[in-house]
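# Commentary on secondary and tertiary structure
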Amino acid sequence: MDCIFCKIIEGSVPSKKIYENDKVLAFHDIQPAAPVHALIIPKKHIETMNDVAEEDLSLIGDIHQAAQIVAKELGVAESGYRLINNCGKHSGQIVFHIHYHLLGGAPLGPLNPQA
Ligand code: 5GP
Ligand code: ZN
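Residues numbered from 1 in each chain as written. Chains lettered and ligands numbered in written order. Predicted model: local features only at pLDDT ≥ 70, side-chain atom pairs only at ≥ 80, totals over all residues. Heavy atoms only, no water.

Our next topic: the site of ligand 1. Around ligand 1, a shell composed of 16 residues is seen, among which Asp29, Asn86, Ile94, His99 and His101 lie nearest. Here His101 contributes a side-chain N or O atom positioned 2.8 Å from an oxygen atom of ligand 1. Of the pockets mapped on this structure, ligand 1 occupies the largest pocket. At the level of secondary structure, the elements contributing two or more residues to the shell around ligand 1 comprise helix 1 (4–10) and strand 2 (24–28). At three residues, helix 1 tops the list of elements feeding residues into the shell around ligand 1. Its residues assigned to classes, the shell around ligand 1 shows eight nonpolar, seven polar and one charged. (Near = heavy atom within 4 Å. Polar contact = N/O pair within 3.5 Å; in protein donor to acceptor, adjacent residues only side chain to side chain. 1 Å grid on protein atoms, 1.4 Å probe; cavity = no way out; pocket = protein on both sides within 12 Å on 5 of 7 lines; lining within 4 Å. Sits in = over half its atoms within 2 Å of the grid points. Helix = DSSP H or I, 4+ residues; strand = E, 2+ residues; numbered from the N terminus. Nonpolar A, V, L, I, M, F, W, Y, C, P; charged D, E, K, R; others polar.)

Right, here's the structure in full:
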């Protein structure tokens, strides 16, 4: 399958790993948008959040658990961080294997700068 994140999981594309267990993998984003920018992905290939089936729901919990671990590991658990999933065209999703961005390490600003 031609999926960059599946290739990272199988090891044919290198990544800077932060955390891994049998269900999920976390690694540094190649083009960081903040001082800390990790990606947390399920090892199962699921294209978008719209494709998460009932049987996959526990994976979402596994990802959130991994996010806690990654935040501690990268020293942002106390200072705070943002966890983002992009789904579909308007979100700007470019990799169609679900992933959560964990961003932190500096104030990220409000979601709505006008607010
Ligand atoms: P999206 O816009 O789909 O939510 O974000 C995809 C993210 O994956 C982007 O932040 C991009 O920098 C990251 N990315 C794309 N290809 C690679 C890669 O080969 N390695 C790593 N570590 N990150 C990647
Ligand atoms: Zn994939």
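A word on the coordination of the zinc ion (ligand 2). At the metal site, the zinc ion (ligand 2) is ligated by Cys3 (SG), Cys6 (SG), His45 (ND1) and His97 (ND1), and these contacts range over 2.0 to 2.3 Å. Its four donor atoms give the zinc ion (ligand 2) angles of 106 to 116° at the centre, a pattern that matches the tetrahedral case. Each donor residue of the zinc ion (ligand 2) lies on the same chain, and together they follow the pattern C-x2-C-x38-H-x51-H. Taking relative accessible area as the criterion, Cys3 reaches 5% and is therefore assigned buried. (Donors = N, O, S within 2.8 Å, 3.2 Å for Na, K, Ca; no water. Tetrahedral: all angles 85-135°; square planar, octahedral: opposite > 155°, others 65-115°. Buried < 20%, exposed > 50% of the residue type's maximum accessible area, 1.4 Å probe, protein only.)

What follows deals with the nonpolar core. Among the nonpolar cores identified, the biggest contains 19 residues, and Ile40, Ile60, Ile63, Val70 and Leu102 are the most heavily contacted of them. Breaking this core down by element, the ones donating at least two residues are strand 2, strand 3 (36–42), helix 2 (57–73) and strand 5 (100–104). Ranked by the residues each element gives to this core, the list is headed by helix 2, at seven residues. Those residues in contact with Ile40, other than ones at most four positions away along the chain, are Leu25, Ala26, Ile63, Ala66, Ala67, Leu83, Ile98, His99, Tyr100 and Leu102. (Core = buried A, V, L, I, M, F, W, Y, C linked by side-chain atoms within 4.5 Å. Contact = heavy atoms within 4.5 Å.)

Moving on: the sheet that holds strand 1 (residues 17–20). The five strands lie next to each other as 1-2-3-5-4, forming an open sheet whose pairing is antiparallel. Looking at which strands have only one partner, the edges of the open sheet turn out to be strand 1 and strand 4 (81–84). Averaged over all pairs of adjacent strands, the angle between their axes in this sheet comes to 20°, without regard to strand direction. In this structure, strand 1 lies alongside strand 2, joined through three bridges in antiparallel fashion. (Pairing = 2+ DSSP bridges. Axes fitted to C-alpha atoms, helices over the stretch in contact; angles between N-to-C directions.)

With that settled, consider the layout of surface pockets. Here the largest pocket defines a volume of roughly 490 Å³. Lining of the largest pocket is provided by 24 residues; of these, His28, Asp29, Ile30, Gln31 and Leu39 occupy positions nearest its centre. When residues of the lining of the largest pocket are traced back to their parent elements, those giving at least two are helix 1, strand 2 and strand 3. Residue composition of the lining of the largest pocket, by class: 14 nonpolar, eight polar and two charged. (Points joined across faces, edges and corners; volume = space filled by probe spheres on them.)

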